[in-house]
Amino acid sequence: MKAAIFKQKGGDLEIVEVPVPEPKQGWVRIKVHSCGVCHSDNACKYGNFGNSFPRIPGHEVFGEIEKLGEGVDPNYFKIGQLVGVGWFGGNHCGKCRECLNDQWIFCKETLICGIHYDGGYAEYMVAPSDSLAFVPEGMNAEETAPLLCAGITVFNSFRNQNIKVGSLVGVQGLGGLGHLAIQFCKKMGYEVIAMSSGDQKEKLAKELGAAHYVNISKDGWIDQMKAIGSVQCILLTAPSSSIVQSSLDALGVNGKLVLLALLPEPFNANSLTLIGGNKSIVGWASGDSRDTEQTLNFANKNQVKAMIKTFPLENVNEALLKIADARFRHVVKVL
Ligand SMILES: [Zn+2]
Ligand SMILES: [Zn+2]
């Protein structure tokens, strides 16, 4: 089969012919239709999570079940079933404290797809059966792929904050995560303020469902946010260290600031802003395959769609290199 592979740490992806992998016990083989390109593919390139080389990356995998390994229930996992695999790569033990608390993603046995085992930049891949999210009938392979990492990250982190429906929420950044966050928050029943730099993105933000647009590169934007109302949550999708304190200032009483992406360096926050307004800063680690399945069902029923540009597998390097200027997600079309 054809695959894009990091042969060594820090190198570019190379297109190679490799044997089709066999599913071991408890794993399935997936015929890949498409795979989304994510910034975190660079974590594989540089071995940030301790992966070995050579390694095929890709953790927004859309495909169909093609072969079952020993011990996989054929009544549940059917050949031809459309499935997705995200960052959560399965293999949770089911016995540890985290598993018993229903936090599969924090189990020590849990693997990351496209990091700890070969991912979706290939015609076939194998994955543990617990990593699979079933895809609703009729979802488009390319448009759905970004929901398997970017989509679940915004949907699952936000729905776990218990913000009252109807509240005002801010979405900072209008890129791969932000353009999905605006749609999800709006469709979940919230009034959305899109927060981005410049005025040229206002039209798109409103088309995606934002009720308001605030240009955060202009002085006075914090007061502008407060004038709209009591903002109960801000999702930082493109955070910088300087945005943390100003976003805390823009939040209303009881407001939550949710970090959806890593900041390049440590940040400062004023404790008086936090204590004086019951405010909090929250981190949230994506979710597991069941969360992904709910993300897909919600997106399918409510017409949440990723805006994408597709590339053939041969051009995956270009898709990854140009990811910084992607409007909004790059997807590799495999089938
Ligand atoms: Zn990702
Ligand atoms: Zn466990």
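This structure is a prediction, so every number in the text was calculated from the model and none was measured.

Reading the values: rules and limits
- Residues numbered from 1 in each chain as written.
- Chains lettered and ligands numbered in written order.
- Predicted model: local features only at pLDDT ≥ 70, side-chain atom pairs only at ≥ 80, totals over all residues.
- Heavy atoms only, no water.
- Helix = DSSP H or I, 4+ residues; strand = E, 2+ residues; numbered from the N terminus.
- Rg over C-alpha atoms; globule rule 2.2 N^0.38 Å.
- Buried < 20%, exposed > 50% of the residue type's maximum accessible area, 1.4 Å probe, protein only.
- Contact = heavy atoms within 4.5 Å.
- Axes fitted to C-alpha atoms, helices over the stretch in contact; angles between N-to-C directions.
- Parallel < 35°, antiparallel > 145°, perpendicular 65-115°, else oblique.
- Left-handed = near helix turned anticlockwise from the far one by under 90°.
- Nonpolar A, V, L, I, M, F, W, Y, C, P; charged D, E, K, R; others polar.
- Donors = N, O, S within 2.8 Å, 3.2 Å for Na, K, Ca; no water.
- Tetrahedral: all angles 85-135°; square planar, octahedral: opposite > 155°, others 65-115°.
- 1 Å grid on protein atoms, 1.4 Å probe; cavity = no way out; pocket = protein on both sides within 12 Å on 5 of 7 lines; lining within 4 Å.
- Points joined across faces, edges and corners; volume = space filled by probe spheres on them.
- Domains from an automatic or database assignment.
- Buried area = accessible area lost by both parts, 1.4 Å probe.
- Phe/Tyr/Trp six-rings, centres within 6.5 Å; stacked < 30°, edge-to-face > 60°.
- Lys NZ or Arg CZ within 6 Å of the ring centre and 35° of its normal.

1. Some words on the overall build of the protein chain
Helix and strand counts for the protein chain come out as eleven helices and 15 strands. For 335 residues, the compact-globule estimate of 2.2 N^0.38 gives 20 Å, and the C-alpha radius of gyration of the protein chain, at 20 Å, lies within 12% of that figure. The principal-axis extent of the C-alpha atoms belonging to the protein chain is close to 60 × 40 × 40 Å. Going through the 335 residues of the protein chain one by one, you find that 55% of them count as buried. Of the contacts formed within the protein chain by residues at least 6 apart in sequence, a portion of 67% connects residues at least 24 apart.

2. Quick notes on the packing of helix H4 (residues 150-159) against helix H5 (residues 178-187)
Where H4 contacts H5, the axes come no closer than 9 Å and their chain directions differ by 40°. Regarding the angle of H4 to H5, the classification is oblique. Like other packed secondary-structure pairs, H4 and H5 cross with a definite hand, here right-handed. Contact with H4, carried on its side by Ala150, Gly151, Val154, Phe155 and Phe158, involves Leu180, Ala181, Phe184 and Cys185 of H5 and no other residues of that element. Classifying every residue of the contact of H4 with H5 gives eight nonpolar, one polar and no charged.

3. Re the coordination of the zinc ion (ligand 2)
Coordination of the zinc ion (ligand 2) by the protein involves Cys93 (SG), Cys96 (SG), Cys99 (SG) and Cys107 (SG), with metal-donor separations of 2.3 to 2.4 Å. In this structure, the zinc ion (ligand 2) is coordinated by four donor atoms arranged in tetrahedral fashion, with angles at the metal of 103 to 116°. Expressed as a motif, the donor residue spacing for the zinc ion (ligand 2) is C-x2-C-x2-C-x7-C. Judged by relative accessible area, Cys99 falls into the buried class, the value being 7%.

4. Considering the layout of surface pockets
As a volume, the largest pocket reaches approximately 1200 Å³. Lining the largest pocket are 45 residues, and of these Ser40, Leu177, Leu260, Ala261 and Leu262 lie nearest its centre. Among the residues forming the lining of the largest pocket, the class breakdown is 28 nonpolar, 14 polar and three charged. Both of domain 1 (2-148 + 287-333) and domain 2 (161-283) provide at least three residues apiece to the lining of the largest pocket. Put simply, the second largest pocket is a space of about 250 Å³. Residue contributions to the lining of the second largest pocket peak at three residues, all from helix H10 (residues 289-302).

5. A few points about the side chain of His33
Checked against the element boundaries, His33 lands in strand S3 (residues 27-37). The class of His33 is buried, set by a relative accessible area of 12%. If we skip the residues at most four places from it in the chain, His33 touches Phe62, Gly63, Glu64, Leu82, Ala141, Lys333, Val334 and Leu335.

6. Topic: the coordination of the zinc ion (ligand 1)
Around the zinc ion (ligand 1), the protein supplies Cys38 (SG), His59 (NE2) and Cys149 (SG) as donor atoms, at distances of 2.0 to 2.2 Å. One chain supplies every donor to the zinc ion (ligand 1), and in sequence these donors are spaced C-x20-H-x89-C. Pair noted here: Cys38 is in the loop between S3 and helix H1 (41-45) and His59 is in the loop between H1 and strand S4 (61-68), with a separation of 21 residues, a long-range link. We classify His59 as buried; its relative accessible area is 2%.

7. Some thoughts on the domain arrangement of the protein chain
Per the domain assignment, the segments of the protein chain are domain 1 (2-148 + 287-333) and domain 2 (161-283). Placing the centre of domain 1 and that of domain 2 at their C-alpha centroids yields a distance of 29 Å. Taken together, the contact between domain 1 and domain 2 spans 14 residues of the former and twelve residues of the latter. Both sides of the domain 1 and domain 2 interface together cover about 1000 Å² of buried area, and 71% of this is carbon and sulfur. Looking at the side of domain 1 facing domain 2, the largest losses of area belong to Phe298, Val304 and Phe328, adding up to 45% of the total buried there. For the side of domain 1 that touches domain 2, the leading source of residues is H10, giving four residues.

8. What to know about empty space enclosed by the protein
With the rule as written, the count across this model stands at one cavity of 30 Å³ or more. Reported here for the largest cavity is a volume of approximately 50 Å³. Along the walls of the largest cavity sit 13 residues, with Gly86, Trp87, Phe88, Leu148 and Thr292 positioned nearest its centre. Considered class by class, the residues forming the lining of the largest cavity number six nonpolar, six polar and one charged.

9. Here's the deal with the packing of aromatic side chains
According to the stated counting rule, one finds ten aromatic pairs in the structure shown. Here the aromatic rings of Phe77 and Phe134 are separated by 5.8 Å at their centres, their planes lie at 85°, and the arrangement is edge-to-face. On the criterion of sequence distance, the pair formed by Phe77 in the loop between S4 and strand S5 (82-85) and Phe134 in strand S7 (residues 133-134) is long-range, its members being 57 residues apart. Among the aromatic side chains, those forming a connected cluster through ring pairs are Tyr76, Phe77 and Phe134. Its end group placed over the ring of Trp27, Lys24 keeps NZ or CZ at 4.6 Å from the ring centre. Over the face of the ring belonging to Trp104 we find Arg290, whose NZ or CZ atom lies 3.6 Å from the ring centre.

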